[in-house]
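As a plain string of letters, each chain reads:
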Amino acid sequence: MSKELKITMLGASGVGKTTLLTSMYEQFEATSSQANLQLKPDIETAATLERYLAQLKTLTYEFKAEERNKGIRGTLATAGPESLPSYIFDLGHNDQKQFLRLLFRDYPGGYILHNDIAGRRFVQKLLRECAAVIVAIDTPALMELNGRWHEVRNKPGEILKLFKTAYQTLDEPKLVIFAPVKCETYVQDEASANKLIKCIQERYAPVLEFFQEPIRADKIAVVTAPVQTVGCVVFLKVEVENLNQPRFYFRKISFDAKYSPKDSEQLLRYLLRFLLKMYIQDRSWPLFNPVRQFFKPDAELKQAVEQFAKGCKTRGGFAVLQGQRLLSI
Ligand SMILES: Nc1nc2c(ncn2[C@@H]2O[C@H](COP(=O)(O)OP(=O)(O)OP(=O)(O)O)[C@@H](O)[C@H]2O)c(=O)[nH]1
Ligand SMILES: [Mg+2]
């Protein structure tokens, strides 16, 4: 039986789902090898994400940029949800044959809208079958003007409805990572980073309350993990166009600033920490059978993952909001 585990992105259009996936890819190989782990993308995955990486780097070409005319293009699925690829990464150790296949799913953000029946059904299915969910957050929309554009951009109401359907009854534990993107402006010091966490707790309160309900509180781990996907581009201003649509403008921190992403490997560290804990707990959760087969009986591998997972940040905007027990190794 193949050892596969699924992880899905979640978020509205343009919040940064594909960017997060791309910046994780960019950092995976480097960081995992430091921990004596190998995380290899398959050929299609590498080709597609390399292309997105080149697009993402264009964000640093101009000093001032209005979003959407630079960077990654919106994800399309012309042939419907089933035509969307999985992004495949094989996690291994010491070039051993034994590996765990991580399947990441991404899709057009329009799928979370209430009028997209097929898209929503697809996202709900992903939420049920995935061990972990990465909720991408458009941070300038969350933070600027007291969150005036948060609803319009991040659609927290639709996110809540999707979780309410998919997580009504949970048989196995889940990891939910709230990942603020385009957050360079808001994590430059500890005080601003703590303000960012507080805003997430306030503006996603209904979702967090749903996760804390007794029937599921012990089965969901919730983490905040701000990822600086470009590193050198910060928020400049927001202007309101026709139809009351906000347009966000960004600028580079200096003319010659280069593409310098930060912390995208933290998403992998928290994910592996959670999977390792599921293995250690050794409960008969079918979703985690692949993890059991992967770790058993390889003590060295377990140690390598433990080492890697110990690198999880808990400051600078990183925090475990719920389910510490599901992450303590
Ligand atoms: N300013 C700024 N823009 C960014 C950053 N990261 C990504 N972007 C841009 O934000 C836009 C949206 O990012 P995407 O990753 O395409 O968003 P998405 O959630 O995949 O959007 P859909 O595919 O349409 O659902 C793109 O144009 C990115 O290039 C960042 O750190 N700063
Ligand atoms: Mg996309």
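Attention in this report is confined to the structure presented alongside it.

Here is what the cut-offs are and how they apply
Residues numbered from 1 in each chain as written. Chains lettered and ligands numbered in written order. Predicted model: local features only at pLDDT ≥ 70, side-chain atom pairs only at ≥ 80, totals over all residues. Heavy atoms only, no water. Helix = DSSP H or I, 4+ residues; strand = E, 2+ residues; numbered from the N terminus. Rg over C-alpha atoms; globule rule 2.2 N^0.38 Å. Buried < 20%, exposed > 50% of the residue type's maximum accessible area, 1.4 Å probe, protein only. Areas by Shrake-Rupley, 256 points an atom, 1.4 Å probe, with all protein chains shown as cover. Lys, Arg positive; Asp, Glu negative; His and termini not counted. Charge placed at Lys NZ, Arg CZ, Asp CG, Glu CD. Contact = heavy atoms within 4.5 Å. Phe/Tyr/Trp six-rings, centres within 6.5 Å; stacked < 30°, edge-to-face > 60°. Near = heavy atom within 4 Å. Polar contact = N/O pair within 3.5 Å; in protein donor to acceptor, adjacent residues only side chain to side chain. Nonpolar A, V, L, I, M, F, W, Y, C, P; charged D, E, K, R; others polar. Donors = N, O, S within 2.8 Å, 3.2 Å for Na, K, Ca; no water. Axes fitted to C-alpha atoms, helices over the stretch in contact; angles between N-to-C directions. Parallel < 35°, antiparallel > 145°, perpendicular 65-115°, else oblique. Left-handed = near helix turned anticlockwise from the far one by under 90°. Core = buried A, V, L, I, M, F, W, Y, C linked by side-chain atoms within 4.5 Å. Salt bridge = Lys/Arg side-chain N within 4 Å of Asp/Glu carboxyl O. Pairing = 2+ DSSP bridges.

### A closer look at the overall build of the protein chain
Right, so step 1: Helices and strands together make up the secondary structure of the protein chain, namely 12 helices and 11 strands.
Right, so step 2: On C-alpha atoms alone, the protein chain measures out to a radius of gyration of 19 Å, which is about the 20 Å that the 2.2 N^0.38 rule sets for 329 residues.
Right, so step 3: Here the C-alpha coordinates of the protein chain stretch approximately 60 × 45 × 45 Å along the principal axes.
Right, so step 4: Expressed as a percentage of the 329 residues in the protein chain, the buried residues total 59%.
Right, so step 5: Working note: accessible area of the protein chain is about 14200 Å², and carbon and sulfur atoms make up 51% of it.
Right, so step 6: Across the protein chain, the mean location of the 46 positive side-chain charges is 2 Å away from that of the 37 negative side-chain charges.

### Digging into the side chain of Q124
Right, so step 1: Mapped onto the fold, Q124 is located in helix α3 (residues 117-129).
Right, so step 2: Setting aside anything within four residues of it in sequence, one finds Q124 in contact with L162, T165 and A166.

### Observations concerning the packing of aromatic side chains
Right, so step 1: Evaluated as defined, the whole model comprises 12 aromatic pairs.
Right, so step 2: Relative to F122, the ring of Y111 has its centre 5.9 Å away and its plane inclined at 85 degrees; by these criteria the two rings are edge-to-face. Note that Y111 is positioned in the loop between β5 (100-105) and α3 and F122 in helix α3, a separation of 11 residues in sequence.
Right, so step 3: Overall, Y111 belongs to the buried group, its relative accessible area being 8%.

### Let's talk about the site of ligand 1
Right, so step 1: K17, T18, T19, T75 and G109 are the nearest of the 26 residues found near ligand 1.
Right, so step 2: In the environment of ligand 1, an oxygen atom lies 3.0 Å from a nitrogen or oxygen atom belonging to the backbone of G16.
Right, so step 3: In this structure, K17 approaches ligand 1 through a side-chain N or O atom, which is 2.7 Å from an oxygen atom.
Right, so step 4: In isolation ligand 1 offers 650 Å² of accessible surface; the protein chains occlude 97% of this area.
Right, so step 5: Ranked by residues supplied to the shell around ligand 1, first place goes to helix α1 (residues 17-34) with three residues.
Right, so step 6: Residues belonging to the shell around ligand 1 are distributed by class as follows: 10 nonpolar, 10 polar and six charged.

### Observations regarding the coordination of the magnesium ion (ligand 2)
Right, so step 1: Coordination of the magnesium ion (ligand 2) by the protein is provided by T18 (OG1) and T75 (OG1), with metal-donor distances spanning 2.0 Å. Of the two residues, T18 is situated in helix α1 and T75 in the loop between β3 (64-66) and β4 (86-93); the sequence distance between them amounts to 57 residues. Exposure class is identical for T18 and T75. Each is buried.

### So, the packing of α3 against helix α6 (residues 156-166)
Right, so step 1: Their axes nearest at 9 Å, the elements α3 and α6 cross at an angle of 55 degrees. Considering the angle they form, α3 stands oblique to α6. For the element pair α3 and α6, the recorded crossing hand is right-handed. Counting all contacts with α3, which are made through R120, V123, Q124, L127 and R128, the residues of α6 involved are E158, K161, L162, F163, T165 and A166.

### Looking at the nonpolar core
Right, so step 1: Of all hydrophobic cores here, the largest spans 108 residues; its most connected members are L10, L102, F104, F163, Y167, F178 and F211.
Right, so step 2: Here the element with the most residues in this core is helix α10 (residues 265-281); it accounts for 10 residues.
Right, so step 3: Once you skip the residues sitting within four places of it in the chain, F178 turns out to touch V135, I137, I200, Y204, V207, L208, F211, V222, V223, T224 and A225.

### Considerations on the pattern of salt bridges
Right, so step 1: All told, the structure shown has 14 salt bridges when counted by the stated rule.
Right, so step 2: Here D263 makes a salt bridge to K313, at a shortest N to O gap of 2.9 Å. Linking D263 in the loop between β10 (246-252) and α10 with K313 in the loop between α12 (299-309) and β11 (319-322), this pair joins segments that are 50 residues apart in sequence.
Right, so step 3: It is possible to trace a salt-bridge network through shared partners that takes in K6, K125 and E129.

### Here we look at the sheet that holds strand β6 (residues 132-138)
Right, so step 1: Ordered in space as β2-β4-β5-β1-β6-β7-β8-β11, the eight strands form an open sheet in which the pairing is mixed. The open sheet has two free edges, formed respectively by β2 (37-41) and β11, since each of these has just one partner strand. Pairwise comparison of adjacent strand axes, ignoring direction, gives a mean angle of 25 degrees for this sheet.
Right, so step 2: Relative to β4, β2 is paired through five bridges, and the arrangement is antiparallel. Across the sheet, L39 pairs through a bridge with L91, a residue of β4.
Right, so step 3: The strands that helix α2 (residues 43-57) touches are β2 and β4; relative to β4, the one it contacts most, it runs at about 115 degrees.
Right, so step 4: Packing against the sheet, α12 makes contact with β2 and β4, and its axis sits at approximately 80 degrees to β2.

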